[in-house]
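# Survey of secondary and tertiary structure
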Amino acid sequence: MNFETNFSLKSYNTFGIDAKAKQFIAIHSKEELAAILQNHQDIFILGGGSNMLLTQNVDKLVIHIDLKGIEIIDTNEDYVWVKAHAGENWHNFVLYCIEKNYGGIENLSLIPGNVGTTPIQNIGAYGVEIKDTFFCCEAMEIASQKLVTFDKESCAFGYRESVFKNELKNQFIITSVTFKLTKKNHRLNTSYGAIETELTNKKITSPTLKDISNAVITIRKSKLPDPKELGNSGSFFKNPIVSKTIYEKAKTNYPEIPHYPVSENEVKVPAGWLIEQAGFKGKRFGDAGIHKNQALVLVNYGHATGAEILAVAKMIQETVLEKFGIPIEAEVNII
Ligand SMILES: Cc1cc2nc3c(=O)[nH]c(=O)nc-3n(C[C@H](O)[C@H](O)[C@H](O)COP(=O)(O)OP(=O)(O)OC[C@H]3O[C@@H](n4cnc5c(N)ncnc54)[C@H](O)[C@@H]3O)c2cc1C
């Protein structure tokens, strides 16, 4: 097997941080993965590198999951069960499903990263989350190299959360994910964000899966920087879910503060609004900064280190907490 040493991860993370891996290997089969895990337990798993901020060199063996393949597991008149291996690129998988007229993930078009990582933070966009079509995933336990199947319930999905970020953090490597998708009577979701407006502009009244995907792609391209042009990791922070008491307190000083009900006692507040109001949108600190159109996105203008970007993130968190009394948490994995 081909182990690299002192390997630059610059082209393996969308922030474009030039951190080094002590050792690096890309694996292409479960057998290879099991063999490596038998001898190495101090490891770091890398998918597409689009949800991490490398703040230091990785003094471990970095295993890049490059398992490929898409299979139809089952089908009936209404549904198809499609299994994609962990190293498949997520957006290419979405396009494959749209091409076959399999519905349910079209709103998640153009999210960077790999299929195997999608359950970890229950990726979501435009009113849809992966949990809506997730059927099961297969994962290898690092300690025993046993393959375990997780159904939807055992993944304990929440807003940008799952069991793999909590109780089972760093214990399993996801090797494939199976989705249950519609073959007909697709449940289209056009009510979120600007999808409806985009379809109207194009004079589309009965949208296909492809129309929705195209609308999402157009909106995303107009809002989010392309990591190939400007290093970033998408939304750096989660939208905070706070108690009504905290929200009401903030509202006394900032009556216009937006919020969305989550439960009887909790509301979700858009982190982008808080960061913008705190004056950070478009600010630059050396090569680290906050995107000019999207306050939730931290960017690397070229040669920022992960530590510099983290320092900006901490400054934002402290200012937002001081101003609004609302803590905001990173969505991106800080390494
Ligand atoms: C421009 C941009 C836009 C984005 N928009 C969205 C969005 O709309 N919605 C959204 O939810 N996210 C979004 N993201 C975040 C990101 O795309 C997703 O979180 C994606 O699922 C990360 O996949 P990845 O393969 O790149 O993960 P990586 O960054 O490689 O890994 C993320 C974490 O998962 C672990 N990991 C990776 N693969 C495995 C595996 N097979 N098994 C176990 N652990 C693993 C890693 O160790 C790491 O801790 C965006 C990112 C960017 C850059």
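See the structure shown above.
Structural notes, computed from the coordinates. (Residues numbered from 1 in each chain as written. Predicted model: local features only at pLDDT ≥ 70, side-chain atom pairs only at ≥ 80, totals over all residues. Heavy atoms only, no water.)

Taken as a whole, this structure holds 17 aromatic pairs when the rule is applied. Note on Phe 134 and Phe 157: the rings are 5.0 Å apart at their centroids and 80 degrees apart in plane angle, and the pair reads as edge-to-face. Of this pair, Phe 134 sits in strand β10 (residues 134-141) while Phe 157 sits in the loop between α3 (152-155) and β12 (172-182), and the two are 23 residues apart along the sequence. An aromatic cluster is defined as three or more aromatic residues linked by ring pairs; in this entry it consists of Trp 90, Phe 93, Tyr 96 and Phe 179. Above the face of the Tyr 159 ring, Lys 268 is positioned so that its terminal group lies 3.8 Å from the ring centre. If you follow Arg 284 out to its NZ or CZ, it ends over the ring of Tyr 301, 4.1 Å from the centre. (Phe/Tyr/Trp six-rings, centres within 6.5 Å; stacked < 30°, edge-to-face > 60°. Helix = DSSP H or I, 4+ residues; strand = E, 2+ residues; numbered from the N terminus. Lys NZ or Arg CZ within 6 Å of the ring centre and 35° of its normal.)

Our focus in this paragraph is helix α8 (residues 306-324). Along its 19 residues, α8 runs 27 Å from first to last C-alpha, staying within 8% of the 27 Å computed at 1.5 Å per residue. Within α8, the full set of buried residues consists of Gly 306, Ile 309, Leu 310, Val 312, Ala 313, Ile 316, Val 320 and Phe 324. Viewed end-on, α8 has its buried residues packed into an arc of 160 degrees, placing them on one side of the element. Residues of α8 that are exposed and point over 90 degrees away from its buried face: Glu 318 and Glu 322. Gly 325, located one to two residues past α8, shows a positive phi value of around 70 degrees. (Expected span 1.5 Å × (residues − 1). Buried < 20%, exposed > 50% of the residue type's maximum accessible area, 1.4 Å probe, protein only. Arc of directions from axis to C-beta.)

Before going further, it helps to examine the pattern of salt bridges. By the definition in use, this model includes 14 salt bridges. The closest approach of N and O atoms between Lys 131 and Glu 129, which form a salt bridge, is 3.3 Å. Overall, Glu 129 belongs to the buried group, its relative accessible area being 18%. Glu 331 is paired through a salt bridge with Arg 160; the nearest N and O atoms lie 3.7 Å apart. Of the two residues, Glu 331 sits in the loop between α8 and β20 (333-334) while Arg 160 sits in the loop between α3 and β12, which places them 171 residues apart along the sequence. Residue class for Glu 331 comes out buried when judged on its relative accessible area of 9%. Shared partners join several salt bridges into a network, and the residues in it are Glu 77, Asp 78 and Lys 184. (Salt bridge = Lys/Arg side-chain N within 4 Å of Asp/Glu carboxyl O.)

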